[in-house]
Amino acid sequence: MNELEVRELRYFVAVAEELNFSRAAQRLQMAQPPLSKAIAQLESRLGVRLLERTTRQVRLTAAGQVLLDEARLVVDAVHAAARRTRRAGRPTPRLVVAVKPGGDAGLLGEVLAAYREAGPQLPPPEVVVGGSGEPIAMLRDGRADVALLRSPFDGRGLDSQPLVVEPRLAVLPAAHRLAGRRRLRSADLAGEPVPRWQGADPADAAYYAGRDGAGGGPAPGDAPEGPLVASVEQLLEVVALGQAVGFLALSTTERHRRPDLAYRPVVGLSPSTVVVAWPETSRSAAVAAFVRAAHEVAARHPDRLTGLAS
């Protein structure tokens, strides 16, 4: 069988995501007949049916879903290679570090200082702060070289190493019936509405709702759906308004002290892990230096997170 071509994979991703040949053709800026022919040829070469077509709808087969997952990685990797190559060829290359607000557990400043001290031959760091889901997207598409991420995340195509593990706390309205307690159990929060995080898959949604099974708490389906949120700031507002309860990492709660909110430990609630991540194909000396710096800084503060809780 001949090698798959990136062009074919781009075509298939468009069709698989749109589940409509006409919309996919418009997205690809091409006519529909050659697109349909290309997909048929791809199925013939692979020897499997990728799409179930009827006069009313297009659906992915099991094989098609596998190819979609793999093809996205390949297409992203090709685009990322081009971006990184262009950035490396600039007169003054930089190490782009992606992070979201509160995603570094307070370590980033020291990590950057340690990286700069590693040697003048290293490119200077440039920090890009993105919203939820953006740092990992930047790693995949080549806009960033390294990132600080919080679990859970899709690690396909990435290497990563944990830096710190910190507890998560329940976020309650200050007037909530449970706000007066010093410590909660998962069962105490059964039936409370929880925010829905934009773009979260079922596993991530269970984690963000504090019902991922780590502490034997209620199953995800037991939690009424709360408002849709896309940032910590949104979560805090809907909780303060009494529309939901949420869960945030300890260091994040320290940065968002408010009189209308109460933060309480929850026995058995799964923790939040901060990791340093980079593309698994990276051979960059600058990325390696940043990873070493991150580990050195994390090792200097073994009691940092424990101290925040006291």
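Residues numbered from 1 in each chain as written. Predicted model: local features only at pLDDT ≥ 70, side-chain atom pairs only at ≥ 80, totals over all residues. Heavy atoms only, no water.

**Quick look at the pattern of salt bridges**
On inspection of all chains with the given rule, the structure shows 20 salt bridges. The closest approach of N and O atoms between Arg156 and Asp154, which form a salt bridge, is 2.8 Å. Using a relative accessible area of 32% as the deciding quantity, one classes Asp154 as partly exposed. Salt bridges linked by common partners bring Glu17, Glu18, Arg23, Arg27 and Arg72 together as one network. (Salt bridge = Lys/Arg side-chain N within 4 Å of Asp/Glu carboxyl O. Buried < 20%, exposed > 50% of the residue type's maximum accessible area, 1.4 Å probe, protein only.)

**So, a nonpolar patch on the surface**
A cluster of nonpolar side chains, contributed by Val6, Val74 and Val78, occupies part of the molecular surface with about 180 Å² of accessible area. Along the chain, Val74 turns up in helix α4 (residues 62–88). According to the relative accessible area criterion, Val74 is partly exposed, its value standing at 35%. (Patch = residues over 30% accessible without salt bridge, like charges linked within 9 Å, V, L, I, M, F, W, Y side chains within 5 Å. Areas by Shrake-Rupley, 256 points an atom, 1.4 Å probe, with all protein chains shown as cover. Helix = DSSP H or I, 4+ residues; strand = E, 2+ residues; numbered from the N terminus.)

**Side note on the confidence of the model for the protein**
Summary statistics for the protein give a mean pLDDT of 88 and a share of 93% for residues scoring 70 or more. Confidence drops under a pLDDT of 50 for residues 215–221, and excluding neighbours within four residues, the segment shows eight contacts in the predicted structure. Throughout residues 306–310 the model reports pLDDT below 50, and contacts reaching past four residues in sequence, or to other chains, amount to four contacts. (pLDDT = per-residue confidence, 0-100. Contact = heavy atoms within 4.5 Å.)

**Topic: the packing of helix α2 (residues 21–28) against helix α3 (residues 32–46)**
Contact geometry of α2 with α3 gives a least axis separation of 9 Å together with a crossing angle of 105°. With respect to α3, the element α2 is oriented roughly perpendicular. Facing Phe21, Ser22, Ala24, Ala25 and Leu28 of α2, the residues of α3 in contact are Gln32, Leu35, Ser36 and Ile39. The class makeup of the residues in the contact of α2 with α3 is six nonpolar, three polar and no charged. (Axes fitted to C-alpha atoms, helices over the stretch in contact; angles between N-to-C directions. Parallel < 35°, antiparallel > 145°, perpendicular 65-115°, else oblique. Nonpolar A, V, L, I, M, F, W, Y, C, P; charged D, E, K, R; others polar.)

**Topic: the side chain of Glu8**
Mapped onto the fold, Glu8 is located in helix α1 (residues 6–18). Setting aside residues up to four positions removed in sequence, Glu8 forms contacts with Glu3, Leu42 and Arg45.

**Quick look at the environment of Ala71**
Its place among the elements puts Ala71 in helix α4. Accessibility expressed as a relative area gives 1% for Ala71, which makes it buried. Residues Ala71 and Asp154, spaced 83 residues apart in sequence, show a C-alpha to C-alpha distance of 15 Å. For Ala71, the residues in contact, after removing those within four places along its chain, are Leu9 and Val13.

**Let's talk about empty space enclosed by the protein**
Under the definition given, this model contains four cavities of 30 Å³ or more. Roughly 220 Å³ of internal volume is contained in the largest cavity. Along the wall of the largest cavity there are 16 residues; nearest its centre are Lys100, Arg150, Tyr208, Leu248 and Ala249. Looking at the lining of the largest cavity, the elements that each hand over two or more residues are α7 (202–208) and β11 (246–249). Looking at the lining of the largest cavity, the element that brings in the most residues is β11, giving three residues. A breakdown of the residues in the lining of the largest cavity according to their chemical character gives eight nonpolar, five polar and three charged. (1 Å grid on protein atoms, 1.4 Å probe; cavity = no way out; pocket = protein on both sides within 12 Å on 5 of 7 lines; lining within 4 Å. Points joined across faces, edges and corners; volume = space filled by probe spheres on them.)

**Things to note about the sheet that holds strand β6 (residues 158–166)**
Strand order in this open sheet of five strands is β4-β3-β5-β13-β6, and the pairing throughout is mixed. Edge positions in the sheet fall to β4 (125–129) and β6, since each has one partner strand and no second. Averaged over all neighbouring strand pairs, the angle between strand axes comes to 20°, with direction disregarded. Its contacts with the sheet put helix α10 (residues 285–300) on β3 (95–99), β5 (146–150), β6 and β13 (272–279), and the angle it makes with β6 is roughly 15°. (Pairing = 2+ DSSP bridges.)

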